[in-house]
2 protein chains.
Amino acid sequence: MSALSEVGAGTGADTVAGIAQAERRVIRLLIADDEHLIRGALEALLGLEPDIEVVASADNGVTAAELALQTRPDICLLDLEMPHADGIEAAVRILSTVSTRVIIVTRHARPGVLRRALEARVSGFVPKSTPAGELAAVIRDVAAGKRYIDHEIAASALSAERCPLTDRELDVLRVSRSAVGVQQIAEQLHLAAGTVRNYLSSAMTKLNAVSRHEAAEKAWQQGWI
Amino acid sequence: MSALSEVGAGTGADTVAGIAQAERRVIRLLIADDEHLIRGALEALLGLEPDIEVVASADNGVTAAELALQTRPDICLLDLEMPHADGIEAAVRILSTVSTRVIIVTRHARPGVLRRALEARVSGFVPKSTPAGELAAVIRDVAAGKRYIDHEIAASALSAERCPLTDRELDVLRVSRSAVGVQQIAEQLHLAAGTVRNYLSSAMTKLNAVSRHEAAEKAWQQGWI
DNA sequence: GCGAAACCGTGACAAATGTCACTGCTCTAC
DNA sequence: GTAGAGCAGTGACATTTGTCACGGTTTCGC
């Protein structure tokens, strides 16, 4: 809302300076989302904005990074959930090679993920529950050098307690999500079965979960693994 | 593709009949998706089509049904994953009260869900991996009385074997997803703990899963629960 | 009426799981 | 230098879990 009015005021000032300057410098945008329908719909939505131009679109993090290098967009709009390289991985790759800004879009906004995103020097973080009309404003904000973090996610991230688990406990929980049985976890981590049980037990106590699955689920919800 | 050319041919025939008839009868559309951003983007995408008009939009199955009753759209485009009443539940409600057609849009296209959708007399079933350009063609197809089922989902649904589980086994698996411990499952279903263990065991055998969680997961993947 | 299949339950058993206590080792901070 | 924290492991223990065998009931089709 406020961003829109600011842009409006800016355009007004420009027209005073020069009539030929009526159209603002367009924002060149890259979109990455693995769901074609959503990506196409977003392109249509943002294509309605006169000052935004979609110059590249990808369906995974790897090609997103490649296209960013080729097209050098002003803003990269990346979905968090993508095959192979997720949004944050893609952001890291892109920001290490191209001078651009990244906005992450996500469905399930887990607090820990926001932390990871900010560490990756992401400029914007918006959930898919955001009203469609605001997206363009967010893009303009970020293009103007501001940051935009969704209020609700920011609040829950601030109130969320720091991860109480040790590195090893996180390792064990991570593996336990895909492995069946303590023995398999132990083999994958080159540990004794008893050690794995101990880590799982302490993790379960700290998260007060009743089973290893619940503990892994809670850690995942918090974005710790 | 073929649908698009058919529509084009139809328009051509109309112009011969009458010049004032140049614009076809518009398709009145209802959209339901719990993610505001996606819903808005879809509205923008379909708003580009001259013969499609979005007359209602909802963020859950219940209000979708209410709005369908009020606005009586030609087509209802329903997301499968929605809070309170999912897409199929909403479809059942709508089709029992309003004369309209329903298209289900979904992220994870599980074969069993397609069966449920067809039993609910749904006319279209498209995954979110569909190219954005095809959606309008699908809507026109369905509005013209045709059916549209995504080829890949249809194939996997045909090749998928019939559910080998009994009603009771499905009940137990369903509850096991949210309950921790056999005792809790037993209490919720008013059964003895041993009975629950037996059902779980037989279900695990039939699905050759190694734990109850895996069995529940497999049954869920197939859309049986 | 009789077999088959689903339904509900019990009892017994081995294996897996979670808990606890205790022993070392290696850092790091005070 | 020593106290604390994290790391790795062992052994013992009670509980939970999954499996098996068995005895009933009801329902349905032939």
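Keep in mind it's a predicted model, so treat the numbers as computed, not measured. As a convention, each chain's residues are numbered from 1 in the sequence order in which they are written. Chain labels run from A onward and ligand labels from 1 onward, assigned in the order the entries are written. Confidence filtering applies because this is a predicted model: local features only for residues at pLDDT of at least 70, side-chain atom pairs given and counted only at 80 or more, and all residues used for totals across whole chains, interfaces and linings. The basis for every side-chain value is the complete set of heavy atoms in the structure, and neither hydrogens nor water enter the calculation.

Asks: Help me out: how do you make sense of the relation of the copies chain A and chain B in this one?
Replies: For these two chain copies, the linking operation is a rotation about an axis paired with a shift along it. Overlay of chain A on chain B (RMSD 0.1 Å): rotation 180°, translation along the axis 0.1 Å. Taken together, the turn and the small shift mark the pair as related by a two-fold rotation axis. Taking the C-alpha atom as reference, chain A places A41 of chain A closest to the rotation axis, 2.4 Å from it. A shared binding surface is used by both copies, with 96% of the interface residues of chain A retained as interface residues in chain B. Superposition of the copies was done by least squares, using only C-alpha atoms of residues whose pLDDT is at least 70 in both. Contacts: residue pairs with any heavy atoms within 4.5 Å of one another.

Asks: Would you take a moment to explain the protein's contact with DNA strand D for this structure?
Replies: If a single non-hydrogen atom of a residue is within 4 Å of a molecule or strand, that residue counts as near it. Within the structure, DNA strand D sits among 18 residues, and T166, R168, N198 and Y199 of chain A together with S201 of chain B are positioned closest to it. Protein-adjacent atoms of DNA strand D, using a 4 Å cutoff, are sugar or phosphate at a proportion of 63%. Each polar contact in these results corresponds to two N or O atoms within 3.5 Å; when the atoms are within protein, one needs to be able to donate a hydrogen and the other to accept it, and residues that are neighboring in sequence are counted only if both atoms are side-chain atoms. Contact between DNA strand D and T166 of chain A: a phosphate oxygen at 2.5 Å from a side-chain N or O atom of the residue. In this structure, R197 of chain B approaches DNA strand D through a side-chain N or O atom, which is 3.1 Å from a base nitrogen.

Asks: I tried to follow the protein's contact with DNA strand C on my own but got confused; where do I start?
Replies: Around DNA strand C sit 18 residues in total, of which S201 of chain A together with T166, R168, L191 and N198 of chain B are the nearest. Sugar plus phosphate, as a fraction of atoms of DNA strand C within 4 Å of the protein: 62%. Separating a phosphate oxygen of DNA strand C from a side-chain N or O atom of R212 of chain A is a distance of 2.9 Å. At 2.4 Å from a phosphate oxygen of DNA strand C is found a side-chain nitrogen or oxygen belonging to R168 of chain B. Contributions of two or more residues to the surface near DNA strand C are made by α10 (193-206) of chain A together with α8 (167-176) and α10 (193-206) of chain B. If you tally residues by element for the surface near DNA strand C, the top one is α10 of chain B, at five residues. Each residue gets one label: Ala, Val, Leu, Ile, Met, Phe, Trp, Tyr, Cys and Pro are nonpolar, Asp, Glu, Lys and Arg are charged, and the others, such as Gly, are polar. A breakdown of the residues in the surface near DNA strand C according to their chemical character gives five nonpolar, eight polar and five charged. Per the convention used, a helix needs a DSSP run of H or I reaching at least four residues, while a strand needs a run of E reaching at least two, with both numbered from the N terminus.

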